[in-house]
Amino acid sequence: MENKVMKIGVISREDYIKRTIAIAKGEYKPQKDEPKVWFESMKSLAQVLSNENQDLLRIIINHEPRSISELEELTHRKKSNLSRTLKTLERYGIVELVKDKGKVIPKVKATDFQVEFSLENNLSHLADSAMV
């Protein structure tokens, strides 16, 4: 599988809302190289990309299961647990769940992750950008 890099940003909920409003008002235009996926904290990022979920992604890449049932056999995880985890990973764009002939086939969309965050106010660049 070809490596696909996903840029991830970590930003407070408050700053994310401000950013979204600035974009909607046309005061800020996101740069092409900015993250498309955002987490509220490093803790929430760590939960989604936990060691267990990284193992799950590797299994999907290496074994290419043709259904959730096949993935259940490969991972020894319960179907309900797998479905919940896969839906979360899908929500963040890390996997795609492809429906085919009544089966759901998990496909990994991101193999490498770049995380961006700042200890400073994450929106300081918005003020500069809005003035340009």
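Residues numbered from 1 in each chain as written. Predicted model: local features only at pLDDT ≥ 70, side-chain atom pairs only at ≥ 80, totals over all residues. Heavy atoms only, no water.

1. Quick notes on the overall build of the protein chain
Move 1: Of regular secondary structure, the protein chain possesses six helices and five strands.
Move 2: Counting from the amino terminus, the protein chain carries its helices and strands in the arrangement β-α-β-α-α-α-α-β-β-β-α.
Move 3: Its C-alpha atoms give the protein chain principal-axis dimensions of about 55 × 30 × 25 Å.
Move 4: For the protein chain, long-range pairs separated by at least 24 residues make up 64% of all intrachain contacts whose partners lie at least 6 apart in sequence.
Move 5: Split by element, the accessible area of the protein chain, about 9000 Å² in all, is 50% carbon and sulfur. (Helix = DSSP H or I, 4+ residues; strand = E, 2+ residues; numbered from the N terminus. Contact = heavy atoms within 4.5 Å. Areas by Shrake-Rupley, 256 points an atom, 1.4 Å probe, with all protein chains shown as cover.)

2. As for the sheet that holds strand β5 (residues 112-116)
Move 1: Across the sheet, three strands lie side by side as β2-β1-β5; this open sheet has parallel pairing. Among the strands making up the open sheet, the edge pair consists of β2 (37-39) and β5. For this sheet, the mean angle separating the axes of adjacent strands, direction not counted, is 30 degrees.
Move 2: As defined by bridge partners, strand β1 (residues 5-10) adjoins β5 across five bridges and the pair is classed as parallel. Its bridge partner being in β5, G9 is matched across the sheet by E116. (Pairing = 2+ DSSP bridges. Axes fitted to C-alpha atoms, helices over the stretch in contact; angles between N-to-C directions.)

3. Section: the confidence of the model for the protein chain
Move 1: Summary statistics for the protein chain give a mean pLDDT of 89 and a share of 90% for residues scoring 70 or more.
Move 2: Low pLDDT, under 50, characterises residues 126-132; the predicted model gives this stretch six contacts beyond four residues in sequence or across chains. (pLDDT = per-residue confidence, 0-100.)

4. So, the pattern of salt bridges
Move 1: Considering all chains together, one arrives at five salt bridges under this definition.
Move 2: Residue R58 pairs with D55 through a salt bridge whose shortest N-O separation is 3.0 Å. Linking R58 with D55, this pair stays in helix α3 (residues 51-63), spanning three residues, or about one helical turn.
Move 3: Overall, the relative accessible area of 44% leaves R58 in the partly exposed class.
Move 4: For D55, a relative accessible area of 43% translates into the label partly exposed. (Salt bridge = Lys/Arg side-chain N within 4 Å of Asp/Glu carboxyl O. Buried < 20%, exposed > 50% of the residue type's maximum accessible area, 1.4 Å probe, protein only.)

5. Thoughts on the environment of H63
Move 1: Residue position: H63 is located in helix α3.
Move 2: If we ignore the near neighbours within four places in the chain, the residues touching H63 are E70 and L74.

6. Notes on the nonpolar core
Move 1: Counting 21 residues, the largest nonpolar core has L56, L57, L86, L89, I94 and V95 as its most contacted members.
Move 2: If we ignore the near neighbours within four places in the chain, the residues touching I94 are M6, V48, L49, L57, L89, K107, V108, K109, A110 and F113. (Core = buried A, V, L, I, M, F, W, Y, C linked by side-chain atoms within 4.5 Å.)

7. Brief notes about α3
Move 1: With 13 residues, α3 should cover 18 Å at 1.5 Å per step; its first-to-last C-alpha distance of 18 Å lies within 8% of that length.
Move 2: All of the buried residues in α3 are N53, L56, L57 and I60. Relative to the axis of α3, the buried residues are bounded by an arc of 95 degrees and lie together on one face. Residues of α3 that are exposed and point over 90 degrees away from its buried face: N51 and N62.
Move 3: Buried-residue contacts for α3 involve α2 (42-48), α4 (68-75), α5 (79-91), β3 (95-100) and β4 (103-108).
Move 4: After α3 finishes, the residue E64 shows a positive phi value of roughly 45 degrees. (Expected span 1.5 Å × (residues − 1). Arc of directions from axis to C-beta.)

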